[in-house]
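Structural characterization, general
Here are the chains, one letter per residue:
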Amino acid sequence: MELENKSIIITGASSGIGKAAALLFAAEGADVVLGARRSSELETLAATINQGIGRAVYLAGDVRDESYASALVDLATTSFGGLDGAFNNAGIVGEMGPVADMGLDNWNAVISVNLTAAFLAAKAQIPAMRARGGGSIVFTSSFVGFSNGGLPGMGAYAASKAGQIGLAQSLASDHAAEGIRVNALLPGGTVTPAGGEGNPGVMEYVAKLHPMKRLAGAKEIAQAALFLLSDRSSFMTGSPMIADGGMSVRLS
Ligand code: NAD
């Protein structure tokens, strides 16, 4: 059990990487607090976990809302006695297209869900982890925020994901001495609704960009997050950890 007795928030838990992480973390002994927008999906997932895998509670809301970030921390504290970890994973791609044609509304939407929400999450989570004597925060960034890989039209998304790496590194430096580790996880293309699931043309195109010539399964990325949230990564903080099927070492 890699996460035994750890109380962990997972956002974006209603589908894709977050859902796979919720199931994996609970199976590894974590008490999980599930967050996302859709209550019915969270309710079903929590019921699945509570029927024999582990312990789960949930609260639907919008990660752009500061009071939602605090409410998830409060739920972890009242349900499980505190907070040891957070997988701040909710995110959107937004509209893809050249920056010269991009509306400010799309830019603001992507930055607020992916980057401002990461700030709000950490702001709410750090005092609770400090009270616990330490903890681990993980942001789901992306290969796009580091190497792009040749994907066109990703200006807002790339900026938001690169911003998460800078935020993680700054937080890591500020809180290392308190035992609070903060890392960014950079997945490559992953089979999820946001990753083009159900659209074979998109999935094939993105898969071919990867040296491994395939996309990740959501569980493969959840396993990388598990490592960052567990004590196995106890000397890692401020790391942009790449799990991208070789995208960042692509030759062309
Ligand atoms: P997904 O669409 O399956 O899941 C996204 C989750 O985020 C959903 O649970 C959704 O409810 C939640 N969410 C979105 N906006 C929200 C908001 N405003 N408030 C609360 N919850 C919100 O996609 P996924 O691929 O599992 O994405 C998870 C993370 O992984 C994202 O941050 C994404 O950018 C990142 N990522 C995905 C890929 C990929 O190829 N799938 C690659 C690299 C990084």
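Up top is the structure these notes are about.
These figures come from a predicted structure and were not determined experimentally. As a convention, each chain's residues are numbered from 1 in the sequence order in which they are written. Residue-level local features of this predicted model are given only where pLDDT is at least 70; pairs of side-chain atoms are given and counted only at 80 or more, and the full residue set underlies all totals for whole chains, interfaces and linings. For side-chain calculations, the full set of non-hydrogen atoms in the structure is used, while hydrogens and water are omitted.

1. Some words on the pattern of salt bridges
Salt bridge criterion: a side-chain nitrogen from Lys or Arg within 4 Å of a carboxyl oxygen from Asp or Glu. Here the structure, examined in full by the defined rule, presents ten salt bridges. Two residues, Arg130 and Glu178, come together in a salt bridge whose shortest N-O distance is 2.5 Å. Highlighted residues: Arg130 in helix 4 (residues 104-132) and Glu178 in the loop between helix 5 (155-175) and strand 6 (180-187), separated in sequence by 48 residues. Classification of Glu178 as partly exposed rests on a relative accessible area of 28%. As a salt-bridge pair, Lys208 and Glu204 come within 3.2 Å of each other at their nearest N and O atoms. Here the residue Lys208 and the residue Glu204 both occupy positions in helix 6 (residues 200-209), the gap between them amounting to four residues, near one helical turn. Relative accessibility thresholds used throughout: buried, under 20% of the residue-type maximum; exposed, over 50%; partly exposed, between the two (1.4 Å probe, protein chains only). Under the relative-accessibility criterion, Glu204 is labelled partly exposed at 47%. Per the convention used, a helix needs a DSSP run of H or I reaching at least four residues, while a strand needs a run of E reaching at least two, with both numbered from the N terminus.

2. Concerning unusual backbone geometry
Despite not being glycine, Asn5 has its phi angle at roughly 65 degrees, a positive value. Here Asn5 is to be found in the segment before strand 1 (7-11). Non-glycine residue Lys213 carries a positive phi angle of around 60 degrees. Take Lys213: it is sitting in the loop between helix 6 and helix 7 (218-229).

3. With respect to empty space enclosed by the protein
Here a cavity means grid points, on a 1 Å grid over the protein atoms only, where a 1.4 Å probe fits yet cannot get out; a pocket means an open set of points with protein on both sides within 12 Å along at least five of seven lines; lining residues are those with an atom within 4 Å of a point. Grid points are joined across faces, edges and corners, and a volume is the space filled by probe spheres set on the points. This model, assessed by the stated rule, comprises one cavity of 30 Å³ or more. There is about 140 Å³ of room inside the largest cavity. Every residue lining the largest cavity is counted, 15 residues in all, and those nearest its centre are Thr11, Val63, Asn88, Ala117 and Ala121. At the level of secondary structure, the elements contributing two or more residues to the lining of the largest cavity comprise strand 1, helix 3 (66-80) and helix 4. Per element, the largest residue contribution to the lining of the largest cavity is six residues, and it comes from helix 4. Side-chain classes follow a simple rule in which Ala, Val, Leu, Ile, Met, Phe, Trp, Tyr, Cys and Pro form the nonpolar group, Asp, Glu, Lys and Arg form the charged group, and the remainder, Gly included, forms the polar group. In the lining of the largest cavity, the residues fall into nine nonpolar, six polar and no charged.

4. Here's the deal with the layout of surface pockets
Taken as a whole, the largest pocket spans an internal volume of roughly 1,000 Å³. Along its surface, the largest pocket is lined by 42 residues, and Gly91, Val93, Thr192, Ala194 and Gly195 are the ones closest to its centre. Among the residues forming the lining of the largest pocket, the class breakdown is 20 nonpolar, 17 polar and five charged. Quantified by volume, the second largest pocket comes out at close to 160 Å³. In terms of lining, the second largest pocket is formed by Gly188, Gly189, His210, Met212, Arg214, Leu215, Ala216, Glu220, Ile221, Ala243, Asp244 and Gly245. Looking at the lining of the second largest pocket residue by residue, the classes come out as five nonpolar, four polar and three charged.

5. Some details on the site of the ligand
Within the structure, the ligand sits among 30 residues, and Ser14, Ser15, Ile17, Tyr157 and Thr192 are positioned closest to it. With respect to the ligand, the side chain of Lys161 contributes an N or O atom lying 2.9 Å from an oxygen atom. Areas reported as accessible are Shrake-Rupley estimates using a 1.4 Å probe. Residue values count occlusion only from the protein chains shown. Contact with the protein chains removes 95% of the 820 Å² of surface that the ligand exposes when unbound. In this structure, the ligand is accommodated by the largest pocket. Its residues placed into classes, the shell around the ligand shows eleven nonpolar, 15 polar and four charged. To be near a molecule or strand, a residue needs just one of its heavy atoms within 4 Å of it. Each polar contact in these results corresponds to two N or O atoms within 3.5 Å; when the atoms are within protein, one needs to be able to donate a hydrogen and the other to accept it, and residues that are neighboring in sequence are counted only if both atoms are side-chain atoms. Just a note on the criterion: a molecule sits in a pocket or cavity if more than half of its atoms are within 2 Å of the grid points.

6. Examining the pairing of strand 3 (residues 55-60)
Strand pairing follows a simple DSSP-based rule, namely that at least 2 bridges must link the two strands. Where strand 2 (residues 31-36) meets strand 3, six bridges bridge the pair, whose relative direction is parallel. Paired with Ala36 across the two strands is Ala60, which belongs to strand 3. In this region the chain leaves strand 2, passes through helix 2 (residues 39-50) and returns to the parallel neighbour strand 3; the handedness of that crossover is right-handed. Handedness of a crossover: with both strands directed away from the viewer, a clockwise path from the first strand across the helix to the second marks it as right-handed.

7. Focus: helix 6
Buried within helix 6 we find Val206, Ala207 and Leu209. In a view along the axis of helix 6, the buried residues occupy a sector of 150 degrees, so they form one face of it. Set apart from the buried face of helix 6 by more than 90 degrees, the exposed residues are Pro200 and Lys208. Throughout, the arc means the angular range of directions from the helix axis out to the C-beta atoms.

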